[in-house]
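# Summary of the model geometry
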Amino acid sequence: MSHAFGHDSTAPTTPGLIQALDPRTRILAAVAFALVTVSLNDLWVLLGPLALAGAALAAARLPPGPTLKRMALMDGFIVFILVMLPFTVPGEAAFTVFGWPASWAGLEQAAAIALKANAIVLMLLSLVGSMEPTTLGHALARLRLPESLVHLLLFTVRYIAVIDAEYRRLRRAMQARGFRPRTNGHTFRSIGYLVGMMLVRALERSERILQAMKCRGFTGRLPLLDDLRYGRADAVFGAGAGVALAALLALDSLHVGPV
Amino acid sequence: MVHIVDGALSAPVLIGGGVAAAGGIALGLRSLSLEKIPAAGVLSATFFVAALVHVPIGPSSVHLVMNGLAGLVLGWAAFPALFVGLLLQAVFFGFGGVTVLGVNTVTIALPAVLVGLLFRRGVASADSRLAGLSGLLAGSLAIMLTALAVALVLWLSGEAFIPAAKLVVVAHLPVAVIEGLVCAAAVTLIHRVKPDLFGALVAPARPA
């Protein structure tokens, strides 16, 4: 995925306020935001997280168009669940479609899921998606994730662009030989051979990588060089985020209606 | 369609998914000696890219999941490898979510590991037709188990999700057929070109 790792089309041109924060602060804030948001019940209060996520998007200086498009793509995954909810949750009928009553309770539940899912994804893209994938690995290592998991992540991030380039090369070669994907056995077999070939080449590549690394004294550990440090900006941001999330929880407990 | 988003599932399901994912990842990492991490990383990147490959079905298209093949190639290491892929997809593409990361990892990686254990002998067999058939079954079964797992977590989260849960299973039937055929072809090719790929991470390290 070379356009997402490396020269990203949604990468900000100038770093915003979010980029001034320590990556660990951004990860922890995104997780806290997600936990608080999923626990909210009141529909009106749920507009709060969406507004906060919009503010984070602006502060990260991510281009709104492509980022919102990614959010909309995610909605495609869940739209069928949301559309069915009003008809499957019992309650007072809001309207009927072909004789099927849609309940208010179901509509509210569907709206709550849509609000939560979109706010969390937007916040995640703004706070964490706006950092370099390698930085994410280093920050997770500093947050005490197992070392081998971090190494696996760093190798994966490093080689996604390489394997993607290989995939495109193989795909172009297929195209040059007249391959047009259709819904037939030939297509499935060709794609299968393509995936198989990519795996074979990946393993052979990994053998060369390991040999090259051993040649340079690899003992099984990668020293992670970084200078992550919490600063005053992190304290201010952390305090602000804490207050905002506490306010959301308080509002929700005051307001909680028959949802 | 195998990504569940934040906000739909109940808290016990989310917590259960998180704990199960952490356990699976820990088991998978234990099977990865430091020597094998470069191989696991490059293969994990390959499955990440393979999941972006779209296959046409009539006027629409589906993307590959290839979790069955990941289980055959990676064994228990499929758990951390697929987790890394899902984490990157969530953070950089916005597919999935934060609180559902554990559930999504389990619904995709557990079927991968299970079919890997079931069909590991089959794909390594000397008979190429038996290997291809094992690949077909592994690819299809992994998708069906994933669909059933997604349906199960939806059902556990509320009665109102039962019709959606049934729809998930039905919608994945054609995907399972396609994944099976693609996986069978991939296994056939690997069987012919580099049969020891299936043991590369599962068996003890070979002398490099």
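Below is a summary of the structure that appears in this document. Per chain, the residues get numbers from 1 upward, laid out in the order the sequence is written. Written order determines the labels here, with chains lettered from A and ligands numbered from 1. Totals for whole chains, interfaces and linings use every residue, but because this is a predicted model, local features are given only for residues with pLDDT of at least 70 and side-chain atom pairs only at 80 or more, for both listing and counting. Neither water nor hydrogens contribute to the side-chain values; these are computed over all heavy atoms in the structure.

## Section: the packing of helix α1 (residues 23-39) of chain A against helix α8 (residues 232-255) of chain A
All names here are of chain A. Axis lines are fitted to C-alpha atoms, over the contacting stretch for helices. Their N-to-C directions set the angle, which ranges from 0 to 180 degrees. Labels follow the DSSP assignment, with helices taken as runs of H or I lasting at least four residues and strands as runs of E lasting at least two, numbered in each case from the N terminus. It is the contact of α1 with α8, at a shortest axis distance of 10 Å, that shows an interaxial angle of 5 degrees. When the axis of α1 is compared with that of α8, the two are roughly parallel. Here Thr25, Ala29, Ala32, Phe33, Val36 and Ser39 of α1 come into contact with α8, specifically with Asp234, Phe237, Leu245, Leu249 and Asp252. Taken together, the residues that form the contact of α1 with α8 break down as 7 nonpolar, 2 polar and 2 charged. An angle counts as roughly parallel when it lies under 35 degrees, as roughly antiparallel when it exceeds 145, as roughly perpendicular when it falls between 65 and 115, and as oblique in every other case. Throughout, a residue-residue contact means that at least one pair of heavy atoms, one from each residue, lies within 4.5 Å. Side-chain classes are defined by residue name, with Ala, Val, Leu, Ile, Met, Phe, Trp, Tyr, Cys and Pro counting as nonpolar, Asp, Glu, Lys and Arg as charged, and the others, Gly among them, as polar.

## Quick look at a nonpolar patch on the surface
Residue and element names in this part refer to chain A. For patch building, the residue pool is restricted to those with more than 30% relative accessible area and no salt bridge; the joining distance is 9 Å between like charges and 5 Å between nonpolar side chains (Val, Leu, Ile, Met, Phe, Trp, Tyr). All accessibility values rest on the Shrake-Rupley procedure with a 1.4 Å probe; residue burial counts only the protein chains present in the view. Think of a salt bridge as a Lys or Arg side-chain nitrogen and an Asp or Glu carboxyl oxygen that are within 4 Å of each other. The grouping of Val79, Val83, Phe87, Phe95, Val97, Phe98 and Trp100 at the surface amounts to a nonpolar patch, some 740 Å² of accessible area in total. Listed by contribution, the elements that provide at least two residues to the nonpolar patch are α3 (64-88) and β1 (93-97). Element by element, the count of residues in the nonpolar patch is highest for α3, at 3 residues.

## Some thoughts on the nonpolar core
Only buried residues count toward a nonpolar core, which is a set of Ala, Val, Leu, Ile, Met, Phe, Trp, Tyr and Cys residues joined through side-chain atoms within 4.5 Å. The classification of residues rests on relative accessible area computed with a 1.4 Å probe and restricted to protein chains. Under 20% of the type maximum is buried, over 50% is exposed, and intermediate values are partly exposed. If you look at the biggest cluster of nonpolar residues, it comprises 157 residues, and the most contacted ones within it are Val128, Leu136 and Leu199 of chain A together with Leu9, Leu69, Leu74 and Leu88 of chain B. As used throughout, domain bounds are those supplied by an automatic or database domain assignment. In this structure, this core is formed jointly by two domains, domain 1 (18-131 + 229-255) and domain 2 (144-215) of chain A, each of which donates at least three residues. In this structure, Leu9 of chain B is in contact with Ile4, Leu14, Val100, Val103, Val153, Leu154 and Ser157 of chain B, ignoring residues within four places of it in sequence.

## Some details on the interface of chain B and chain A
Taken together, the contact pairs 70 residues of chain B with 75 residues of chain A. Taken together, the links from chain B to chain A amount to 2 salt bridges. The closest approach of N and O atoms between Lys214 of chain A and Glu35 of chain B, which form a salt bridge, is 3.1 Å. Pairs of N or O atoms are called polar contacts if they sit within 3.5 Å, as long as, within protein, a hydrogen donor faces a hydrogen acceptor (for residues adjacent in sequence, only side-chain-to-side-chain pairs). Counting the contacts that link chain B with chain A gives 6 residue pairs in polar contact (both at pLDDT 80 or more). Listing elements by their share of the side of chain B that touches chain A, those giving two or more residues are α1 (11-30), α2 (37-50), β1 (54-57), α3 (67-74), α4 (78-93) and α7 (162-193) of chain B. With 14 residues, α2 of chain B is the largest single contributor of residues to the side of chain B that touches chain A.

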